[in-house]
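# Coordinates in review
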Amino acid sequence: MIDVAAAVIERADGSYLLAQRPPGKVYAGYWEFPGGKAEAGEPPAQALRREIREELGIEVLKAYPWITRVHFYEHATVMLHFFRVVEWRGEPQSRESQVFVWQRPDQPVVQPMLPANGPVLASLALPLEYAITDAQHLGMALQLERLEARLKDGLRLVQVRDKGNWERTQLIYVARSMARQYGARVLVNGGPAADGIHFSAEQLMKLRSRPPEDGLMAASCHTLQELGHAMAIGLDFAVLGPVQASATHPGATLLGWDGFRRIAAGASIPVYAIGGLTPQDMDPARAAGAHGLAMIRGAWS
C-alpha cells in the first residue's frame, strides 16, 4: 500500500487545479490532482506540503483534510489522502514538465482522467452546505419563504425532513419545483425519491446494498459502524453527529469535534457535520475533516 497525498487546490470561483502527467511516467498524459507519495513515517498533511512545494513551487497555508480513497492500479495499490487547499503562497510553476489547467466545475472535465479520480470529482461537486427543512417549527409558509430566499442566495442541496408533518407531500412538491429553477437538488428523508433519498441510521443499517433508484443516496450516522456501512454499500455522502447540543435532538449523546474527527478520519465519502451548528462553524468543521455543514435551524435563521 502506497500512501499518496493529493491536493484539490481551489480558487475562490470554485475552479481547481489539475495537472497532466508528463512523458515517461506511468499513465503519461492523464490528468490528476497534484501531489505525491508520502515518505516512510511521514504524515499525509506533511507530505502534502512537501510535495506541493517540490512539484508546484507554492507554499500551502491552509488545507482541510477531506476524503481518503484506496485504488488498485495494475502496478500498485495506493491510498489517496485528499486535502482541499484553500490558501497558498506563490503561483503554480511547472517544475516537473507538467501541463496545468484550472478546471471550472461548470465546464466539461479534461480527459483522460486518472481512473481513481472519477468518484472524487462527483464528491467535489457536492456543495459545502446541506440544508434540512424545519417546517414543523417554522410553519409551512415561512419555511417556503426562507427556502426560496436561500436558493436565490446560492443554496444548492436540500433535504426535506419533517416526517411528522401532514403537509409533507406539498412541501416535497413545492421544494422540488423551487429547487429546479436554481439548479439545486432535493433529497427526501426516507423517500420517496426526488433528486435522491436520505436514510435514517436505522434505515441505513437495514440496507444490504445501495438502492437501485437514480439520484443521490445519503444517510445519517452517529457511530463508526454506521459510517462504515454507508461507505461499504456505496452511498454518496453521510451526515455525522450530533456534534453539539441541538433543539431537534435533546438528550442525544454528543460527539464534539474530537469525536467527529475520530470517526470521520479516513472516510472514503464526504461527511457533513450536524448538530447545533451555524454557518460560523464551517471552518472548525472542515478542519475536523468534514466536507461541510448539515443544518436544520442554522440553515434558516
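Please refer to the structure higher up on the page.
Residues numbered from 1 in each chain as written. Predicted model: local features only at pLDDT ≥ 70, side-chain atom pairs only at ≥ 80, totals over all residues. Heavy atoms only, no water.

We now examine the sheet that holds strand β5 (residues 59-72). Here four strands make up an open sheet; going across it, the order is β4-β1-β6-β5 and the pairing mixed. A strand with exactly one partner marks an edge of an open sheet, and here the two such strands are β4 (35-37) and β5. Looking at each pair of strands side by side, their axes are set apart by 20 degrees on average, direction ignored. In this sheet, strand β6 (residues 77-89) lies alongside strand β1 (residues 2-9) in parallel orientation, the contact comprising eight bridges. The residue bridging D3 from the neighbouring strand is M79, located in β6. (Pairing = 2+ DSSP bridges. Helix = DSSP H or I, 4+ residues; strand = E, 2+ residues; numbered from the N terminus. Axes fitted to C-alpha atoms, helices over the stretch in contact; angles between N-to-C directions.)

With that settled, consider the sheet that holds strand β10 (residues 185-189). Think of a sheet as strands paired side by side through backbone hydrogen bonds, with each pair either parallel or antiparallel. Around the barrel, eight strands lie side by side as β8-β9-β10-β11-β12-β13-β14-β15; this closed barrel has parallel pairing. Each strand axis lies, on average, 25 degrees off the axis of its neighbour in the sheet, ignoring direction. Across two bridges, β10 lies against strand β11 (residues 196-199) in parallel orientation. Looking at the pairing, V188 lines up with I197 of β11.

Looking now at helix α8 (residues 256-264). All of the buried residues in α8 are W257, G259, F260, I263 and A264. Projected down its long axis, α8 carries its buried residues within an arc of 160 degrees, all on one side. Seen from the buried face of α8, the exposed residues on the opposite side, beyond 90 degrees, are D258 and R262. Contacts made by the buried residues of α8 are with α7 (224-232), β13 (237-240), β14 (271-273) and α9 (282-287). (Buried < 20%, exposed > 50% of the residue type's maximum accessible area, 1.4 Å probe, protein only. Arc of directions from axis to C-beta. Contact = heavy atoms within 4.5 Å.)

A few words on the packing of aromatic side chains. Across all of its chains, the model carries 10 aromatic pairs by this definition. Judged by centre distance (5.0 Å) and plane angle (90 degrees), the ring pair of Y27 and Y30 falls under edge-to-face. Ring centres of Y130 and F237 lie 5.1 Å apart, and the angle between their planes is 90 degrees; on these two criteria the pair is classed as edge-to-face. Taken as a pair, Y130 in strand β8 (residues 129-132) and F237 in strand β13 lie far apart in primary sequence, 107 residues in all. For Y130, a relative accessible area of 0% gives the class buried. Assessed through its relative accessible area of 0%, F237 is described here as buried. An aromatic cluster is defined as three or more aromatic residues linked by ring pairs; in this entry it consists of Y16, F33, W66 and F82. The ring of W66 is capped by R84, whose NZ or CZ atom sits 5.0 Å from the centre of that ring. (Phe/Tyr/Trp six-rings, centres within 6.5 Å; stacked < 30°, edge-to-face > 60°. Lys NZ or Arg CZ within 6 Å of the ring centre and 35° of its normal.)

Ranked by internal contacts, the top residues of the largest apolar core, which has 51 residues, are L147, L240, W257, F260 and A273. Sorting elements by how many residues they give to this core places helix α5 (residues 168-182) first, with five residues. Not counting residues up to four positions away in its chain, the partners in contact with W257 are V243, Q244, A273, L277, D281, P284, A285 and A288. The next biggest cluster of nonpolar side chains, apart from the first, holds 20 residues, and it includes F82, M113, V120 and L121. (Core = buried A, V, L, I, M, F, W, Y, C linked by side-chain atoms within 4.5 Å.)

This part covers a nonpolar patch on the surface. Side chains of M1, V70 and F72 sit close together on the surface and give an oily, nonpolar patch of about 350 Å² of accessible area. Mapped onto the elements, F72 comes out in strand β5. On the basis of relative accessibility, which here comes to 63%, the residue F72 falls in the exposed class. (Patch = residues over 30% accessible without salt bridge, like charges linked within 9 Å, V, L, I, M, F, W, Y side chains within 5 Å. Areas by Shrake-Rupley, 256 points an atom, 1.4 Å probe, with all protein chains shown as cover. Salt bridge = Lys/Arg side-chain N within 4 Å of Asp/Glu carboxyl O.)

Turning next to the pairing of strand β2 (residues 16-20). A large share of β2 lies buried, amounting to four of its five residues. Taken together, the five bridges between β2 and strand β7 (residues 99-103) define a ladder with antiparallel strand orientation. Note on β7: the bridge partner recorded for L17 is W102. Two strands pair when backbone bridges link them, and β2 and strand β3 (residues 31-32) are joined in this way by two bridges, in the antiparallel orientation. Across the sheet, residue A19 finds its bridge partner in β3, namely E32.

Here we take up the packing of helix α4 (residues 140-152) against α5. Remark: α4 packs on α5, axes separated minimally by 10 Å, with the N-to-C direction vectors making an angle of 15 degrees. Here α5 runs roughly parallel to α4, going by the angle between their axes. Crossing of α4 against α5: the hand is right-handed. Across the interface between the two elements, M140, Q143, L144, L147, E148, L151 and K152 from α4 touch Q170, L171, V174, A175, M178, A179 and Y182 from α5. (Parallel < 35°, antiparallel > 145°, perpendicular 65-115°, else oblique. Left-handed = near helix turned anticlockwise from the far one by under 90°.)

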